[in-house]
Every structure is written in structure tokens, then in C-alpha cells.
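Structural overview
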Amino acid sequence: MKAIVVGSGFGGLSAAALLAKDGFKVTVIEKNEQIGGRASVYSENDFYFDMGPSWYLMPDVYEKFYAEFDKKPQDFFQLDKLDPSYRIFFGDEKVVDIASDIEKNYQLFESFEEGGAEKLKKYLAESQEVYDFSIDEMLYRDYTSVLDFLSGKLMLRGYKLKIWENLQHYVNNHFESDEARKIVQYSIGFLGGSPQNTPSFYHIMSHIDLTMGVWYPQGGMRKVASSMQDLCQEYGVEFKLNEPVQKLEVNDHQVKRVITDKSSYEADIVLVNADYAHAEIELLDESNQTYDERYWDKKVLAPSAMVAYLGIDKEMDQFAHHNLFLDKDWEAGFDSLFDPKKAVWPKNPSYYVNVPSKTDKSAAPEGYETLFILIPLAPGIEDTPQIREEFYNMIMDDLENKIGETIRDHILVKRIFALTDFKERYNAYKGTALGLSHTLRQTALFRPAHMSKKVKNLYYSGHYTHPGIGVPMVLISSQIVAQEIKERHSK
Ligand SMILES: Cc1cc2nc3c(=O)[nH]c(=O)nc-3n(C[C@H](O)[C@H](O)[C@H](O)COP(=O)(O)OP(=O)(O)OC[C@H]3O[C@@H](n4cnc5c(N)ncnc54)[C@H](O)[C@@H]3O)c2cc1C
């Protein structure tokens, strides 16, 4: 049977490899010049930038994925545990390192507030319990009806573990100090949410980053994407690059042909990894859309971003591999991302600086550094070269001030990527960088389905679907959908 996969992000690559292993003849059709999607690579003058994901979290999920092929991550890349896991700059007052050794983090929390070590132990024990529960019961399964979601076991354990409460409330009940609260909440940014709009279920993120640790695949996240392309090729998957899909031609409730700007392809099944909203609104006729434009317009989108990729001609000791600059006025920062009435280019945003050259000598020439500066922004706001440049200079003023050294005088490579680029390069709805936020009403059953409700042989994988945002989640999404396809089409 012929399977066409539209898009070669992690969702497309992983699903293509799984389907090919299950005996499908798979062709991946990608709009851009390279594979990887959000995990594209930009290189200039021997500086290499992973354009999107940079945190390798949940190593157990990657292991489970490679195990489907009787492999392990280390068959493809060297995996190192980072220490420190990351560095946090609290305004211009305090800099702390989160260690890979959890004992050191207990001491750190004790320095924030009395009993901080014990409080963190308790918080992480709860977080681990919910993580184990979610891996066993929630993440690797699909939800096709309310009954799935309301299953007794899930509701009972969920109630006991308080997973439906709001995260901010949950955290405030556990910690008093501003530092402790921010450390256990910042990671919600990975899920494109804010502590006020995200269920406390996602405090599993603290088990993930504080207990399981932050890892780095040598060669960068691009190595992980290319390992999946290697798997695909081992099972005979064909790749078409630079070939945007323009239409999914449906007859008798089945996609019969996939039309691109260059050709057209027959398909027995079609799996879309391209942005879900783009596929439904732009590739399908209205009568075949499960989710029309009004549906998408009402959704809470995860933020967009502005990312500056900088290659600089010196080394900088002030930075660790991952660095978070957290704003004092952090609640207002979330408002400017999620409250449509307050959606503006923010004045004092929190931001993230990734310096992979700290760990990976292949990222930059010797003695030089590769910087990736990411500032979350509300999707859909005005984006012009002038606004970007002013915003970039505002951030650089702040950054140089906090680290006490100039960066702008040392730049050899500079590229800015923001809202409209997300839209143009990835067909991202309103320029969202991360897809759909993980609010309670956009979790599990309430995310767009893996299977079209109108077109029988049309499937979806990727960050819009359950379980959601982030490379590990996207791999799980492909495992769920590949299993469903296998079961349905082998009958
Ligand atoms: C800046 C940034 C930082 C991030 N950091 C992290 C991190 O540190 N760790 C982490 O785990 N996750 C991170 N994420 C999230 C993670 O990158 C995403 O959740 C994941 O990569 C999404 O994969 P996907 O396959 O669902 O979508 P995508 O990667 O977007 O793949 C979709 C593909 O479809 C293609 N496409 C679109 N339209 C068409 C069309 N018409 N025809 C053909 N092809 C089409 C696109 O070009 C793209 O290649 C980050 C994301 C961003 C943007």
C-alpha cells in the first residue's frame, strides 16, 4: 500500500519510518529545501544553528521510539548529560545554576526559603508519580471519544493527583519564594502555555528537567532528525524536497491524489505532518474539513517567537549551554502572550539564550561562540523589519547589561527569524511557533484528532495532535497514529 506523508518535521520523519517498517511504500513530500521542519538547520561561515528545538528532554521517550526499530539513540549520536542543566538569571539580581545532581538543587531551594529542600523533594515526588502515571495511562494512547477520557481509572487517579487544578495555584501552594516558583513554572513555556492557563498535570515538566536531567545529542538536534531520515532510508522511504503540497484531492471520502506544485501522487493513505490548520483550511475543500476556519480562530495558540541566530568571534564564560533570563514582571509577560487584548511586542520580556558551542565543538569555529536568542511573542502581531530591529536592540541592551560585556561588536553572523517567517517557512497558522497551547480544553481528547472525521484514509501526526508540543510528544503522536493505521488497514 502507498502512503504519502506530507511534511518532514519530526512528526513526518518518525511516522514515515514506522509506516515503512510496517510494510507501506512511503513517500515523504516536503515543502522546504531540507528535512526537519521546526528543527531545520541554518549554517553560515562554519557556524551551525539548530533553528528550533535545542533541549533534549525525556530520554526515555526517545529510547522507546528507537526501540521500535531495535535501536537505541546511541546507535546514531553521542548523548551527554549537561551540567549545569541550565543557568537562570533572575532579573539583574541573582544568577543560579540548576545542577544535574539533584542534591545540589535541594540545597539551592533551601537557600531560597526555609524548608525549601523538603518542599522540592515533596514536589518532585508528586511530579514523578504523575509522570509515571501519564506515561503508563495517558500519553501513549489515543482519545477518540469522551468515554475514553472519562474512564474511571483516569478520572480517579487524576482526581487524587490533582492534575486538573491550575498550575499556578498548585505551585503557589507548594512554594513561597519567587525563585522557587519560577524554577518549577518556567518549563511550561516548552508547552506554549502560561501557569494560569495550564493544568497542574504539566508539573511533570519538573520531574523531566530537574530529576531526569537535560541531555545533549552531540552534533545537535539536527543529528536526531538526520537519524530518523537514516531510519526512513533503511526501510526504503523516498523523499521529495522543495515540493509544497497544494491540494489533497478527495473522492468518495478518500484522498485519491496528493497534488504538489510539480507533480501528483496516488495514495492509499495520507498522513499529514504539515501544520494541521494549514492542511485543513488550505489543502482540503470545505466539505472535507473536520475543523474549519472558525474552529481554528477560537483556539488558544501557543506563542510565536523572535529568534536571533548570532555567530560571534569570542568565547563567553558568562553563559552555560542553556540560559534563561526571567523577567521580574513575569505575569504581565504571560498576559502579553495570551491575552489578545494585551498582545503587543513586550517591553521587558523573559528570554532564552542557547549557546551550543559550550558543549559541541562542531557548532562554531574554535574560539568562537554560537548564540541563539529566543523571545516568545504573541502570534498574529504586526511584524516589520523596523519593529524587529528595534526589539532586537532592546533585548541586546538588556542582555549586554546583565552579563556586563558587549556582544554586538563581535558579530560575524546574524539572522533574525520571527512571526512572518514561521508563517512562510512552515505554513504556521498566524505564525505560531509551537502550534496549540496545552490548556485544559486543548489537552488529550480536546486536541485535533489523529484521524479525519470526514476523509477515511487521512491521518495527522505532529505537535497539534495528542499528546502535543515538543519533540518527544511528537514522536509519541506518530507511534499512536502508526499503530492505528496498521490496525485499520491490515483488516
Ligand atoms: C524555536 C523553537 C524552539 C523549540 N525548542 C524545543 C526544544 O528545545 N525541545 C523540544 O523538544 N521541542 C522544542 N520545540 C518544539 C518542537 O520543535 C516541535 O514541537 C516539533 O519539532 C514539531 O514537529 P512537527 O513535525 O509536528 O512539525 P514541523 O516541524 O513544523 O513539521 C511540519 C513540516 O511540514 C512541512 N509543510 C508545511 N506545509 C507543507 C505543505 N503544504 N507541503 C509539504 N510540506 C509542508 C513544513 O515545512 C515542516 O517541515 C521548539 C520549537 C521552536 C519553533
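Reading guide: rules and limits
Residues numbered from 1 in each chain as written. Predicted model: local features only at pLDDT ≥ 70, side-chain atom pairs only at ≥ 80, totals over all residues. Near = placed C-beta within 6 Å. Helix = DSSP H or I, 4+ residues; strand = E, 2+ residues; numbered from the N terminus. Nonpolar A, V, L, I, M, F, W, Y, C, P; charged D, E, K, R; others polar. Domains from an automatic or database assignment. Axes fitted to C-alpha atoms, helices over the stretch in contact; angles between N-to-C directions. Left-handed = near helix turned anticlockwise from the far one by under 90°. Contact = placed C-beta atoms within 7 Å. Parallel < 35°, antiparallel > 145°, perpendicular 65-115°, else oblique. Pairing = 2+ DSSP bridges.

So, about the site of the ligand. For the ligand, the set of nearby residues contains 37 residues, the closest of which are Gly7, Gly9, Gly11, Gly37 and Gly462. Those elements that provide at least two residues to the shell around the ligand are helix H1 (10-21), strand S14 (304-312) and helix H16 (471-489). Classifying every residue of the shell around the ligand by side-chain character gives 18 nonpolar, 15 polar and four charged. Counting the residues that make up the shell around the ligand, at least three belong to each of domain 1 (2-38 + 58-78 + 218-299 + 436-489) and domain 3 (300-426).

It is worth spelling out the packing of helix H2 (residues 59-67) against H16 at this point. Contact pair H2 / H16: the axes reach a minimum separation of 9 Å and the direction vectors enclose 35 degrees. The chirality of how H2 crosses H16 is left-handed. Counting all contacts with H2, which are made through Val61, Tyr62 and Phe65, the residues of H16 involved are Pro472, Leu475, Ile476 and Gln479. Residue classes in the contact of H2 with H16 are distributed as six nonpolar, one polar and no charged.

Further remarks concern the packing of helix H4 (residues 116-139) against helix H9 (residues 204-212). Close contact between H4 and H9 brings their axes to 7 Å; oriented N to C, the two are set at 105 degrees. Classified by the angle between their axes, H4 and H9 sit roughly perpendicular to one another. Where H4 abuts H9, its residues Tyr123, Leu124, Ser127, Gln128, Val130, Tyr131 and Ser134 lie against Ile204, Ser206, His207, Ile208, Leu210 and Thr211. Each residue belonging to the contact of H4 with H9 can be placed in one class, and the counts come to seven nonpolar, six polar and no charged.

Here three strands make up an open sheet; going across it, the order is S10-S11-S12 and the pairing antiparallel. At either margin of the open sheet sits one strand with a lone partner, and together these are strand S10 (245-251) and strand S12 (264-266). Adjacent strand axes in the sheet meet at a mean angle of 25 degrees when their direction is disregarded. Pairing of S10 with strand S11 (residues 254-260), which is carried by six bridges, proceeds in the antiparallel orientation. Within the sheet, the bridge partner assigned to Val250 lies in S11 and is Val255.

By themselves, these are just geometric observations and shouldn't be taken as functional.
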